[in-house]
Structure formats: C-alpha cells, structure tokens
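The chain contents come next:
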Amino acid sequence: MKKITLFLSLVLAFVGATNAVADGLTRVTTQPENGIYLLYSSSMANDTYVQGYMYNEAHFESRPFRVDRTKDFVTNGVTADDLKYCYLLIWDASKDAFTLRNLSSLRYIPAGQQVNQNWNGKETATLNLEAVTGPLKDNTEVDGDWYLYQTNYPATGNRGEHNYAHTNWDTSIDPNYSYWDENATTSLTCARFIFYSLPEDQLAIVLNEFAKKAEPYYEYVGGPTKENIEAFKADKTLDNLIKCYAEGVTTFDANNFYRIVCTVPKTNSAGDQSHNALSHGIVSEQDTPVTDVMDVNDVNQMWQFVPTGDDNAYRLKNINTGKFINPIDIGGYRAAFTDESGSGVVELIHYGNGQYKIHKQGSSNANHSLYCENSISEGYKLSGWDGGRNSPSAWRLYRVENVELTANSDGTDYWATGYLPFAVKAETGDATLYTATRDAHDTSVLRLTEAANGVAAEQGFIIKGTGGTVTLTVAYDATEAATSELGGTLQDKTIDNANDYYVLSNGAQGVGFYHPNTTTLLGNKAYLNAGTDTNVSALHFAFGNEATGIENVNTGKAESNVCYDLSGRRVTNPARGIYVKNGQKVMVR
C-alpha cells in the first residue's frame, strides 16, 4: 500500500480514529466532514448484487441518481471527465444534517415525502448517516460503512425509523436510488455506502475542472454569492469551494432587476442547445418575447418582477421597453407583450438547485408556465408547458450587477454615451461618468460635470474611459444620483430632422456632439435636443470652467469680435494675454 499525501481539509478523522487507505483514495470510516467525495454503494436489486459509484448527469430527469457498476477509481483514479461521480458534502449544524451536491449537474440529492419515488423530488434532502452493523438480511457480507437516510421526512411505516437510500433497477438503464423505510437488517435493497476522499493531485483536477463550469461572476437566486465565487476562481482550494455553498446564498429581491435564463432550452433538429435569456424581440412581425443567447450587456434581457401586493405574485416587466408579458392560458400558446393592464400575474415556484418555474398565479394547470420552445423557422420563443427541473421550463434568475458599454477612441481617450432604465455608477476606476449642460453664453460648449454619485435612471450621460469597454455598476441604492440636460431613448427612435439633435461623434472637429448623419437615434444612447439654436455644427466639451479643444471647433456662425478667455468665459475688454476669437487663438499685446 503506497503512501499518499492529502489536503489537510480532507483528512477527515476524529482524534484517535483512522481511515482505511486504498490505492489513490482514502476510505473515510469516521463521520465525514465538509468535503468532496466519491460514493460507492453495495446492495441488491432484481435479485442481483449491485455495487458501484453513484453518479448523475444534467439530462437525467427520471431516476436521476444511478449506480455505475463498471468504474474502478481505486485502480484508475479520477480524471477531468469524472465530475459526475463527485459530490460536495456540506453540513448544516442547525439541522445536524448535510447536503450532497453533484459537481457535474449541480443537483442536490432530493428529499422524498413518499417512499419508492426514485429520487425525483424537487426538495433538497438533508441527510445523515447510520453506521452499518451486521450482514445483510440473508447473512451475506457486503462491504460498506454507512446507511444513508433523509431527515426531511420520518418513516411512515412500522419497518424502520428512517427513510433510507435503496436501489431499484429498471433494467433499461443503470440501477438507481430511491427511499424506503427499511435498513439492511430487514431489506436486501438497502444500500451500504463507502465514502472515498481524494488524494491531493486528483482533488486538484476536480477543483480545476469544476472552476471551468462554476457560476459566472453575476449571481443567480439560490446560488453562491459573487464574492465567494470570485474567491474560489482566484484560488481553487477546497476551503474556498466549501464557502461558496456553506455560506449564505443569493436571495430574491423584487426591487432588483434580473436576467431570466433558461437552464436547458429545447433543441431543434439540428441539436442547437445554448443557454438562452428571456428578451424582447420581433417574431413573425409581432411584438413577442423571445430568447437569445445570454448577453450580459443587452438591456433588453433585463426584467423586473413587479409585486402586485399579494404574496408571491408579480407582473413580469421588461425594464427597457416598459412592456409586460401577457397570461399563459394553455400549453402551446405563444406569449406576447402587452401593457400593464393586460399583463398576467405570475408566481415563482422553486424547482430546487436555483431553478424556478414562472407559473401563472392561481392556475392549477402546471403547463401554465413559461417554456423556452425552439423551431427552425422562428427560433426560440415562449410558450406554455411544464417540463420540470433541468428542462425548458426551468429558469435561473441572475441579478443584474453591471452593464458594459463600448467606447470609441479619439486617439487618446475613449468616449461613449448612455441612457439606461436604471441608475448607474462608475466604480471600476477605468472610467469617469459625466452629466452635461449646454453653456448659456456659448452654445458651442457642452459643459461636463462629474457624477461621482452616479446618474439617475433615464438620464443621458457621457463616459470618458481608458479602454474600448467601460463597465458601469447598477446603482440600486443611488439616492444622490445626478440628473442631466442630455436626453436619450431606450429603444431606437426615428426622427424627422437630424438638425434637431446632437449625438456623440468623433467628427471633423474632434470628439464632440454633432448632428446625426441618419434619421435613427440608437437605443440606450444619449442625445442633446438642439432647441432653437440648430446652426452650431459641433459642440465641444468643457470640464467645469475649463474649455477643451475650443480652438478647433467651427461653430458655423458669422465672425464677430467676441473674445473668450481660455476657460471659455466671455471677455468684453481683453487685457494682455491669449484669447479665443472667432474660433482661433489670438494674442492681445
């Protein structure tokens, strides 16, 4: 037996106790602590002894936790392809019980109020262990250290105290697990488990592989917090992974905005299946909600659950269009947008594992639920159906944390404008956020004021950044956010006369505000109404009392003898010095 080195966090033994060591794996013979384990079970099903490792895959909906009777990790070890056999065990001290979560599918082992339901439940099981004593009912010696049982629901029959993990066998697939209220002293199908912890090198493989598929930086309801996920990705240790799931998770807040993302969109005949986010789009020339590949910068993919005042009752609003989703009356009907008065009321029903059904409130028909359908002719769209967890009717709610805007370079700095349905702040240090006011004395000047406390919702703003992508934080707590003279539009807007507006451009006179060269103003961009003074061809920026670039701007007005100092202030009787006159620098001696 060769000597192996383990992470200290995986030497899971009480003082004075020892764990049996197999080649490459450690058999945990004392109560396991928080950690990653392989679960090997022995039992009987269909008059056959069933021995193997528990595994799970995301597409398993029926009989989801199964026994692989061919794997040999003791001899071959764990590879990057073996996450489906690995389980994260987290103790809940308040319940004196633990949860087991599969690292591939991210499913928790479920609870079951009734026995023999093949672990198809939607409630997360709180579990515990009972030490194995004696042989099986028929006096057969089968290896194993623990009986595994749920603590959510007590046994209802007279055969035992707990609902234990047993094995069933529909011979068309691998044997699967279920609950039954007998242990192995009275039932041959009761599973005996061995918990194996991993050596350091194999644990590192598992952690690195899990980090590739771990939750992205934005948070979803029921999932880990952003801070813990980022800490784990930066330092892929077991302790950091445990923190992601042992500490508090992200909770739902109706005051927040969410990206609503389908966990498993329906495939078409071409096998297309990418995670899709609920959005606002045009299908068959109708104003219809569709789904598209999740884009964290698409404001059309951001939603608010507007409370109706009743418990768990909301109207689902697209925050960028202001439109609501209508009722889903029967399965197969397409969903459509409407105003608030015609919208349906929905409720959130937790499937488990951070997946939610968005269901028509008050309906007893499970199929009155948003379902991400797919057809080759129309793409992804919404209809009504209930496919359960890990299906096109299972959605995750990602809290909108920030938005990225594309900025254009003037050769030195990067510039962009924005007009968003929520308040924002520039907190990353790579950009400065400004509101703008047209100068009262010189209408060719747009004076910029830094908005250190953010900019309020539906207020135009200007960004000066250091790179082509600028990240802004959604300011849910923006009580002092600034307002601006700049207007804007949330959706593309057709205009009659381009001379009535100014938009950001790097034009002939450098970066500034120019009349647009099209009759369409882009959505989520700022503009300035020209008002009555439309003859100015370009507006340059001045920061506070300091003018910038004034010497290069052609105002389009007739020449005059008006002078300005270098701060942009009109000067009636210029003394000796440098001034700006008719768009040119002049020296007064």
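Residues numbered from 1 in each chain as written. Predicted model: local features only at pLDDT ≥ 70, side-chain atom pairs only at ≥ 80, totals over all residues. Heavy atoms only, no water.

*Asks:* Explain the overall build of the chain here, please?
*Replies:* Tallying secondary structure elements over the chain gives four helices and 44 strands in all. Residues classed as buried in the chain amount to 51% of the 589 residues present. Entry remark: accessible area of the chain is about 26100 Å², with carbon and sulfur atoms responsible for 44%. (Helix = DSSP H or I, 4+ residues; strand = E, 2+ residues; numbered from the N terminus. Buried < 20%, exposed > 50% of the residue type's maximum accessible area, 1.4 Å probe, protein only. Areas by Shrake-Rupley, 256 points an atom, 1.4 Å probe, with all protein chains shown as cover.)

*Asks:* Even after reading the chapter, I still don't get the sheet that holds strand β25 (residues 402-406), so can you show me in this structure?
*Replies:* Paired through backbone hydrogen bonds, the strands of a sheet run either parallel or antiparallel to each other. With antiparallel pairing, three strands are arranged side by side in an open sheet as β25-β32-β28. The strands lining the two open edges of the sheet, one partner per strand, are β25 and β28 (424-425). Pairing between β25 and strand β32 (residues 469-474): five bridges, direction antiparallel. Each bridged residue has a counterpart across the sheet, and for glutamate 404 the counterpart in β32 is threonine 471. (Pairing = 2+ DSSP bridges.)

*Asks:* I would appreciate a short explanation of helix α3 (residues 226-234) in the present structure.
*Replies:* Since the α-helix advances by 3.6 residues per turn, residues separated by three or four positions end up pointing in the same direction. Among all positions of α3, only Asn228, Ile229 and Phe232 are buried. End-on, the buried residues of α3 take up no more than an arc of 100°, which puts them together on one face. In α3, the exposed positions angled more than 90 degrees off the buried face are occupied by Glu227 and Ala234. On its buried side, α3 packs onto α2 (200-213) and α4 (238-246). (Arc of directions from axis to C-beta. Contact = heavy atoms within 4.5 Å.)

*Asks:* Just checking my understanding: could you explain the nonpolar core for this structure?
*Replies:* Side chains that are nonpolar tend, in soluble globular proteins, to be buried together. Residues Ile36, Leu38 and Tyr245 are the most contacted members of the largest nonpolar core, which totals 31 residues. Mapped by element, the contributors of at least two residues to this core are β3 (35-45), β4 (48-56), β6 (86-92), β12 (192-197), α2, α3 and α4. Look past the residues within four positions of leucine 38 in its chain and what remains in contact with it is Leu25, Tyr53, Phe73, Val78, Tyr85, Cys86, Ile194, Phe195, Tyr196 and Leu198. Within the second largest apolar cluster, 27 residues are counted, among which are Val28, Ala125, Trp169 and Tyr177. (Core = buried A, V, L, I, M, F, W, Y, C linked by side-chain atoms within 4.5 Å.)

*Asks:* Hey, could you run me through the pattern of salt bridges in this one?
*Replies:* Pairing between side chains of opposite charge can happen when the charged atoms of each approach one another. One pass over the full model with this rule turns up ten salt bridges. Between arginine 27 and aspartate 143 there is a salt bridge, with the nearest N and O atoms lying 2.8 Å from each other. With arginine 27 in strand β2 (residues 25-28) and aspartate 143 in the loop between β8 (127-131) and β9 (146-150), this pair connects stretches of sequence that are 116 residues apart. Judged by its relative accessible area of 41%, aspartate 143 falls in the partly exposed class. A salt bridge links aspartate 477 to lysine 425, with the nearest nitrogen and oxygen atoms 3.9 Å apart. (Salt bridge = Lys/Arg side-chain N within 4 Å of Asp/Glu carboxyl O.)

*Asks:* What's the story with the packing of α3 against α4 in this structure? I'm lost.
*Replies:* Geometry of a packed helix pair, given as the angle between the helix axes and the separation of the axes. Packing of α3 against α4 leaves a shortest axis separation of 9 Å and a crossing angle of 165°. On the basis of their axis angle, the class for α3 and α4 is roughly antiparallel. Seen from above, α3 lies across α4 with left-handed handedness. Mapping the contact onto sequence places Asn228, Ile229, Ala231 and Phe232 in α3 and Asn240, Leu241, Lys243 and Cys244 in α4. Looking at the contact of α3 with α4 residue by residue, the class counts come to five nonpolar, two polar and one charged. (Axes fitted to C-alpha atoms, helices over the stretch in contact; angles between N-to-C directions. Parallel < 35°, antiparallel > 145°, perpendicular 65-115°, else oblique. Left-handed = near helix turned anticlockwise from the far one by under 90°. Nonpolar A, V, L, I, M, F, W, Y, C, P; charged D, E, K, R; others polar.)

*Asks:* Sorry if this is basic, but what is going on with the confidence of the model for the chain here?
*Replies:* Mean pLDDT over the chain stands at 81; residues scoring 70 or higher make up 81%. A low-confidence stretch, residues 1-18 stays under pLDDT 50, and its non-local contacts, those more than four residues away or across chains, total 37 contacts. (pLDDT = per-residue confidence, 0-100.)

*Asks:* Explanation requested: the pairing of strand β13 (residues 258-262) in the structure shown.
*Replies:* Of all five residues in β13, five are buried, a share of seventy percent or more. Across the two faces of β13 the burial is the same, with Tyr258, Ile260 and Cys262 and Arg259 and Val261 all buried. Where β13 meets strand β24 (residues 395-399), five bridges bridge the pair, whose relative direction is antiparallel. Bridge pairing links cysteine 262 to tryptophan 395 in β24.

*Asks:* Would you mind going over the packing of α2 against α4 with me for this structure?
*Replies:* Look at α2 against α4: their axes get within 11 Å of each other, and the N-to-C directions meet at 45°. Relative to α4, α2 is oriented oblique. The two elements α2 and α4 cross, and the hand of that crossing is left-handed. In this structure, α2 uses Leu203, Leu207 and Phe210 to contact α4, whose residues at the interface are Leu238, Leu241 and Tyr245. When its residues are assigned to classes, the contact of α2 with α4 shows six nonpolar, no polar and no charged.

*Asks:* What am I meant to see in the packing of aromatic side chains here?
*Replies:* Each pair of aromatic rings is reported with the distance of its centres and the angle of its planes. Following the criterion strictly, the structure yields 29 aromatic pairs and no others. Centroid distance tyrosine 53 to tyrosine 196: 6.4 Å. Interplanar angle 40°. Geometry classified as tilted. Remark: tyrosine 196 occurs in strand β12 and tyrosine 53 occurs in strand β4; sequence separation between them is 143 residues. For the pair tyrosine 53 and tyrosine 196, one class covers both residues: buried. Following the ring pairs from residue to residue traces out a cluster consisting of Tyr40, Tyr53, Tyr55, Phe60, Phe73, Tyr85 and Tyr196. It is arginine 66 that lies over the ring of phenylalanine 60; its NZ or CZ is 3.7 Å from the centre. (Phe/Tyr/Trp six-rings, centres within 6.5 Å; stacked < 30°, edge-to-face > 60°. Lys NZ or Arg CZ within 6 Å of the ring centre and 35° of its normal.)

*Asks:* What exactly am I supposed to notice about α2 here?
*Replies:* With 14 residues, α2 ought to run about 20 Å at 1.5 Å a step, and its terminal C-alpha atoms sit 21 Å apart, in line with that. Every buried residue of α2 is listed here: Gln202, Leu203, Val206, Leu207, Phe210 and Ala211. For α2, the elements touching its buried residues are β2, β3, β6, α3 and α4. (Expected span 1.5 Å × (residues − 1).)

*Asks:* Would you take a moment to explain the environment of glycine 222 for this structure?
*Replies:* One can find glycine 222 in the loop between α2 and α3. On the accessibility criterion, glycine 222 (30% relative accessible area) is partly exposed. Not counting the four nearest positions on each side in its chain, glycine 222 is found in contact with Val249, Thr250 and Gly354.

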